[in-house]
Amino acid sequence: MAKRSGSADLPLHGGRVPAWLGERMTRLGTVIAEAIIHHYGRDELLRRLANPFWFQSFGAVMGMDWHSSGITTSVIGSLKRGLNPRAGELGVRICGGRGRHSRQTPAELVAAGEAAGFDGAGLARTSRLVAKVDSAAVQDGFDLYLHGFIVTDEGGWTVVQQGMNGDSRTARRYHWLSEGLESFVDAPHAAIEGRRQGTIVNLADRRAVASRQAQLELLAELGPDRLAREAAAMEGRKAVSAQPMLPHLSLPDHHDVRADDVIVRRLHGTLAAAAECGPKDFSELLLVPGVGARTVRSLAMVAEVIHGAPCRFADPARFSLAHGGKDRHPFPVPTKVYDKTIGVLKSAVGKAKLGQDEKLGAIRRLDEQARRLEAYTSGPSVDAFIAEERRRSHEYGGRSVFGWEPPYDPPVIPANAGTQEHRRQPKRH
């Protein structure tokens, strides 16, 4: 049983993820997935990936551009590289991907079924049917170019696929979840993410059952040639009903993270929880040398991605404040902090697999503390937080597609300039 779970509309971005970030995204994405499986099971990982808000937040906390269509490709690719080699241990496989990789999905599912013991051929048919629904039954102006199929050893699955509209320079992501799906053609989607861009023909709406039946009857009675003539005669006189509401994420065009993109009280809760734990106490608890306050802040956001309820991910931009973004928005990726976050989480998951849950439990408590504190704590504005991150970027190993961040160059006030400040811009290298 399965259903479409939600959707997302995203600015269409080109470019590639640099190797230095892609490798880190694979490591962090894999250990987050492993922590979710450890705490909640494989089915819960499928549910998370089928939620468009969580999926976007997941990509943002890994340092990908927070609002970009590229999050879909990079998340699917990172999980495929990280989880597939460990499929025998974790029981999760990622099939398909972007472009030519999407066309390999059926063969990959058949092979996965042979390895794990589920009906891979049946899921290959499901893969093709899901793609047909989002490309033919739902005609919304987006051409599919990515199809990711995540399947567990028990045969449960999530599909994440994405289409593009070249005219509007936007992408739309479609999410499917096997849990609860009763029909592929009667309101199957768990979510579709995208902006409204005019009339949509959705024959997968349950209200279109009469239309689907009538089409079959007309095809049998009139034949395709006469149907084509009748359709041409009726052009311009079609009535389209409103679409059903599904979880839907629509992200803006601007690259910078603004105050309106973030639920500030939740950011303040994270900062307060990190401060109250304190770098000394937290590092002693986790027995990882060098864990400082900045790493604890990132861990708190990662902890929320692992443990947070669905309602916690209404503002994906907030999770970019953990590890920045490859295009310097909201700030360059702090590679030293990123690596320490991976190290702490990987150590915690490794200990948990041996029955020692203290470290992983500490990370969970960090998330619980942040949620308790956000109701009454205060802190810096979003702009001030980002400005401080940029000021200290070099110290944190800041890096972007433009290169390493140079040391901060403070404002210079010439003696003859009165109170006016002149900022020397650092050179990029």
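Residues numbered from 1 in each chain as written. Predicted model: local features only at pLDDT ≥ 70, side-chain atom pairs only at ≥ 80, totals over all residues. Heavy atoms only, no water.

By the naming in an unreviewed UniProt entry, the protein is DUF763 domain-containing protein, taken from Allosphingosinicella humi.

Chemist: Looking at this model, I keep getting lost on the overall build of the protein. Mind explaining?
Modeler: Broken down by element type, the protein carries 16 helices and 12 strands. Sequence separation of at least 24 residues holds for 69% of the intrachain contacts in the protein that already meet a minimum separation of 6. Total accessible area computed for the protein in this model is approximately 19,400 Å², and 53% of it derives from carbon and sulfur atoms. (Helix = DSSP H or I, 4+ residues; strand = E, 2+ residues; numbered from the N terminus. Contact = heavy atoms within 4.5 Å. Areas by Shrake-Rupley, 256 points an atom, 1.4 Å probe, with all protein chains shown as cover.)

Chemist: Got a minute to help me understand the packing of aromatic side chains in this structure?
Modeler: Each aromatic ring pair is described using two quantities: the centre-to-centre distance and the angle formed by the ring planes. A complete count under the given rule lists three aromatic pairs for this structure. On the basis of an interplanar angle of 25° and a centroid distance of 4.7 Å, the ring pair of W54 and F58 is categorised as stacked. Of this pair, W54 and F58 are both found in helix α3 (residues 52-61), four residues apart, which corresponds to roughly one turn of the helix. Take W54 and F58: they sit in the same class, and that class is buried. Above the ring of Y396, the side-chain terminus of R294 is found at 5.7 Å from the ring centroid. (Phe/Tyr/Trp six-rings, centres within 6.5 Å; stacked < 30°, edge-to-face > 60°. Buried < 20%, exposed > 50% of the residue type's maximum accessible area, 1.4 Å probe, protein only. Lys NZ or Arg CZ within 6 Å of the ring centre and 35° of its normal.)

Chemist: Please explain helix α14 (residues 335-353) as it appears in this structure.
Modeler: Since the α-helix advances by 3.6 residues per turn, residues separated by three or four positions end up pointing in the same direction. Across its 19 residues, α14 extends 27 Å between first and last C-alpha, which sits within 8% of the 27 Å expected from 1.5 Å per residue. Restricting attention to buried positions, one finds in α14 the residues T335, V337, Y338, T341, I342, V344, L345, A348, V349 and A352. Of the residues trailing α14, G355 is marked for its positive phi of about 90°. (Expected span 1.5 Å × (residues − 1).)

Chemist: Explain the pairing of strand β4 (residues 143-152) here, please?
Modeler: Regular strands have side chains that alternate between both faces of the sheet. Within β4, eight of the 10 residues are buried, which leaves the element mostly enclosed by the surrounding structure. Across seven bridges, the pairing between strand β2 (residues 92-98) and β4 is antiparallel. Bridge pairing links V92 to T152 in β4. In the sheet, β4 pairs with strand β5 (residues 157-165) via eight bridges, with the strands oriented antiparallel. (Pairing = 2+ DSSP bridges.)

Chemist: Even after reading the chapter, I still don't get empty space enclosed by the protein, so can you show me in this structure?
Modeler: It is the rolling of a water-molecule-sized probe over the atoms that shows where space remains empty. On inspection of all chains with the given rule, the structure shows one cavity of 30 Å³ or more. D65, W66, H67, H255, D327 and H329 together form the lining of the largest cavity. (1 Å grid on protein atoms, 1.4 Å probe; cavity = no way out; pocket = protein on both sides within 12 Å on 5 of 7 lines; lining within 4 Å. Points joined across faces, edges and corners; volume = space filled by probe spheres on them.)

Chemist: Can you help me understand the side chain of S7 in this one?
Modeler: Mapping S7 onto the fold places it in strand β1 (residues 3-11). For S7, a relative accessible area of 0% puts it in the buried group. In terms of polar contacts, S7 uses its side chain to reach the side chain of H248, at 3.0 Å. (Polar contact = N/O pair within 3.5 Å; in protein donor to acceptor, adjacent residues only side chain to side chain.)

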